[in-house]
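In case you want the letters, here they are:
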Amino acid sequence: MKRIVIIGGGIAGLSAGIFAQKNGFTSTIIEKHHTLGGECTGWNRHGYHIDGCIHWLVGTKEGTPLRQLWDTVGALDGVEIYHPESFMAVEHQGVTVHFYRDLERLQASWLALSPEDADAIQELCQNIRKLHSFTMPVDKPQDMMNIFDKIKFMLSVKDAGAVMQKYGKMTLHQLANTFQHPALRKAIASFLPEGNDIAMSIIFALGTFTGDQSSIPVGGSKALAMRMVEKYVSLGGTVETSCEAVDVKMEQGQVNQVICSDGRSFDGDFFVAACDPHVLYERLLKGRYPDPQFQKRYSNPKDYPLASNIYVGVGFAGTMDDIPRTLKFPVESLDINENGKPIEYLQMTHYGYEPSFAPPGHTVITFAINQFAPELDAWENLIKDREAYKEEKQRIGANVLRAMEQRFPHMKGKLQLLDVVSPQTYERYCNAYRGAFMGFWPTIQGKELMHNGKIKGLKNMVLSGQWLQPPGGLPIAVITGKDTIMRLCKQEKKPFVSS
Ligand SMILES: Cc1cc2nc3c(=O)[nH]c(=O)nc-3n(C[C@H](O)[C@H](O)[C@H](O)COP(=O)(O)OP(=O)(O)OC[C@H]3O[C@@H](n4cnc5c(N)ncnc54)[C@H](O)[C@@H]3O)c2cc1C
């Protein structure tokens, strides 16, 4: 039996591992962290559980191909799905804009707020509705499609394709500016992290959300990853944790061994790098096999932006049933680092629907504060002084609590800071390039990457994971993990077992 060594136990690595086992390979996942799941994670603090990932998961709708894939890898099998009533609510100048799941309700609420925007609202809702029939293609990667597959695919995305094309040429700000009401403009412009300034992103997010294709698995991110680990191990896969790959041994264009920082080494016939690509190209391959597509993107962050996060966990001694699950609200300007842009809005998510995440009668809340290029540099410098770094995280946490108390005076004295995560945390735990939590954001000027994971000059090592297709995220991770093994089966002239 041929042996596959998978570097990285995130969702892509786990997906690759599960399909490797299903397809008659033996495999081992080596993971630098003491636990698997990568960025799809959660952790406990002071009696609360902080979910570190899923705000929306595409592929929760029964009967869709992506849902089938999630079930095959054990991620959603038998899991209850929570359907939040709104994707997000945004407060601006005393008005709240709701992005409701029910598109009719969204449209009615926006029309009531701003009748003068009727044309723009109706056009937007009509186009979002066209995406309801769209399902993410998971059957085969594009490079394995024959002409008939391509025609079938084109026909299946006919309506959605035209909508995506229209909004793929427009920035989020341009779309926002087609509305007159300042709160609608603000809500649309700030719908996604700042670098993700392409109108297609909001259409896709709302298309899948209002079309019931994206929701939230109960139990959260860590539990989802652990179900995949269980599936993998039940199929005979083996896992090595606290095991960071630092080098590879090669002979005649073939990798034959991966070496880890503690001296452990792993031989294999094939190697799947399901870790960050920068780690693969620079640390493991020592710059000897550069990839022009990635180099172009690393050297042009303006056209290919990345986002990281400050992620703050807060415990509240009370319930929040009457507050939208995800709410963006204005705050008195909150400064982050000396080079950072002041924060004028905070985005919070509460987990009132997950009673097991907090002690009885309490609620856990998270805040995601996006960080971009200048702030990321500042964090890189700051961590050199551990005390200053810790102090800055505490200061940000205290400011978030203060802002929360100002917005919700009844919470005063009932909030507890649980944890503050910085972009450096993602680098430290996941080796994530610049702390990025997804891949390159799509932009108008940037070219869309559709990478097949091949490494030019190496026959038996490939890249997998969220960076292969923008903007990344969990669906791309699970799909690319599966695609990697599909290509390998083709190379080995084996039929691919997909279920
Ligand atoms: C706050 C936050 C919110 C998010 N929200 C959502 C959401 O709502 N919906 C969504 O779809 N996505 C979301 N994401 C993105 C999602 O988490 C990622 O897209 C996904 O987890 C990426 O999976 P991956 O396997 O490709 O990469 P990773 O998760 O980065 O996995 C790579 C793994 O490789 C390991 N590794 C790295 N280097 C080495 C090495 N040298 N040796 C051994 N192991 C190594 C890492 O430790 C890691 O476990 C969110 C992410 C964050 C941080």
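Up top is the structure these notes are about.
Residues numbered from 1 in each chain as written. Predicted model: local features only at pLDDT ≥ 70, side-chain atom pairs only at ≥ 80, totals over all residues. Heavy atoms only, no water.

Whenever I open this one, the site of the ligand confuses me. Can you help?
Near the ligand, the surroundings consist of 37 residues, among which Glu 31, Glu 39, His 55, Trp 56 and Gln 466 are the closest. Trp 56 places a main-chain nitrogen or oxygen 2.8 Å from a nitrogen atom of the ligand. Notes on the ligand: free accessible area 1000 Å², of which the protein chains cover 95%. Those elements giving two or more residues to the shell around the ligand turn out to be α1 (11-22), β15 (308-316), α15 (423-430) and α16 (474-491). (Near = heavy atom within 4 Å. Polar contact = N/O pair within 3.5 Å; in protein donor to acceptor, adjacent residues only side chain to side chain. Areas by Shrake-Rupley, 256 points an atom, 1.4 Å probe, with all protein chains shown as cover. Helix = DSSP H or I, 4+ residues; strand = E, 2+ residues; numbered from the N terminus.)

For this particular structure, what's the right way to read the sheet that holds β15?
The strands making up a sheet are joined through hydrogen bonds of the backbone, oriented either antiparallel or parallel. In spatial order, the strands read β8-β7-β16-β17-β18-β15-β19; together these seven strands make up an open sheet with mixed pairing. A single partner strand is all that each edge strand has here, and the edge strands are β8 (95-100) and β19 (415-421). If you compare each strand with its neighbour and ignore which way they point, the axes differ by 25 degrees on average. Note: strand β7 (residues 86-92) against strand β16 (residues 326-334), two bridges, orientation parallel. (Pairing = 2+ DSSP bridges. Axes fitted to C-alpha atoms, helices over the stretch in contact; angles between N-to-C directions.)

Explain the nonpolar core here, please?
Generally speaking, soluble globular proteins have nonpolar side chains that are buried together. Ile 11, Trp 70, Phe 99, Trp 110, Leu 224 and Met 228 are the most contacted members of the largest nonpolar core, which totals 94 residues. Ranked by residue count, the leading element in this core is α16, at eight residues. Not counting residues within four places of it along the chain, the set of residues in contact with Leu 224 comprises Ile 11, Cys 40, Ile 54, Leu 57, Trp 70, Ala 75, Leu 76 and Pro 217. Counting residues in hydrophobic clusters, the runner-up holds 33 residues, among them Cys 260, Phe 266, Tyr 281 and Tyr 433. (Core = buried A, V, L, I, M, F, W, Y, C linked by side-chain atoms within 4.5 Å. Buried < 20%, exposed > 50% of the residue type's maximum accessible area, 1.4 Å probe, protein only. Contact = heavy atoms within 4.5 Å.)

Explain the pattern of salt bridges here, please?
It is possible for side chains bearing opposite charge to pair when their charged atoms get close. Applying the stated criterion across every chain, the model contains 20 salt bridges. The closest approach of N and O atoms between Asp 71 and Arg 67, which form a salt bridge, is 3.2 Å. Here Arg 67 and Asp 71 lie together in helix α2 (residues 65-72), a separation of four residues that amounts to about one turn. A salt bridge links Arg 264 to Glu 240, with the shortest nitrogen-to-oxygen separation between them at 2.8 Å. Of this pair, Arg 264 sits in the loop between β12 (254-260) and β13 (265-267) while Glu 240 is found in strand β10 (residues 238-240), placing the two residues 24 residues apart along the sequence. With a relative accessible area of 26%, Glu 240 lands in the partly exposed category. (Salt bridge = Lys/Arg side-chain N within 4 Å of Asp/Glu carboxyl O.)

Just checking my understanding: could you explain the sheet that holds strand β2 (residues 26-30) for this structure?
What the five strands build is an open sheet, ordered β10-β2-β1-β14-β20; its pairing is parallel. Two strands bound the open sheet, and with one partner strand each, they are β10 and β20 (461-463). Sheet twist, expressed as the average angle between the axes of neighbouring strands with direction ignored, equals 20 degrees. Of the strand pairs in this sheet, strand β14 (residues 270-273) and β20 are connected by three bridges, and their pairing is parallel. Following the sheet pairing, Ala 273 is matched in β20 by Leu 463. Contacts from α1 reach β1 (3-7) and β2 within the one sheet, and its direction differs from that of β2 by about 165 degrees.

I tried to follow the packing of aromatic side chains on my own but got confused; where do I start?
Note on aromatic pairs: each is described by the distance of the centres and the angle between the planes. In the structure shown here, the tally under the stated rule is 23 aromatic pairs. Centre to centre, the rings of Tyr 281 and Phe 294 are 5.7 Å apart; their planes meet at 45 degrees, and the pair counts as tilted. Of the two residues, Tyr 281 is situated in helix α11 (residues 277-284) and Phe 294 in helix α12 (residues 292-298); the sequence distance between them amounts to 13 residues. Summarising the burial analysis for this pair, Tyr 281 and Phe 294 share the class buried. With a centroid separation of 5.9 Å and an interplanar angle of 40 degrees, the aromatic rings of Tyr 351 and Phe 357 are classed as tilted. You can call Phe 357 buried: its relative accessible area is 3%. Taken together through their ring pairs, the aromatic side chains of Trp 56, Phe 87, Phe 99, Trp 110, Phe 134, Phe 179, Phe 191, Phe 204 and Phe 209 make up a single cluster. Taking the ring centre of Tyr 100 as reference, the NZ or CZ of Arg 105 above it sits at 3.8 Å. It is Lys 494 that lies over the ring of Phe 25; its NZ or CZ is 4.7 Å from the centre. (Phe/Tyr/Trp six-rings, centres within 6.5 Å; stacked < 30°, edge-to-face > 60°. Lys NZ or Arg CZ within 6 Å of the ring centre and 35° of its normal.)

The values reported here are purely geometric and, on their own, carry no functional implication.
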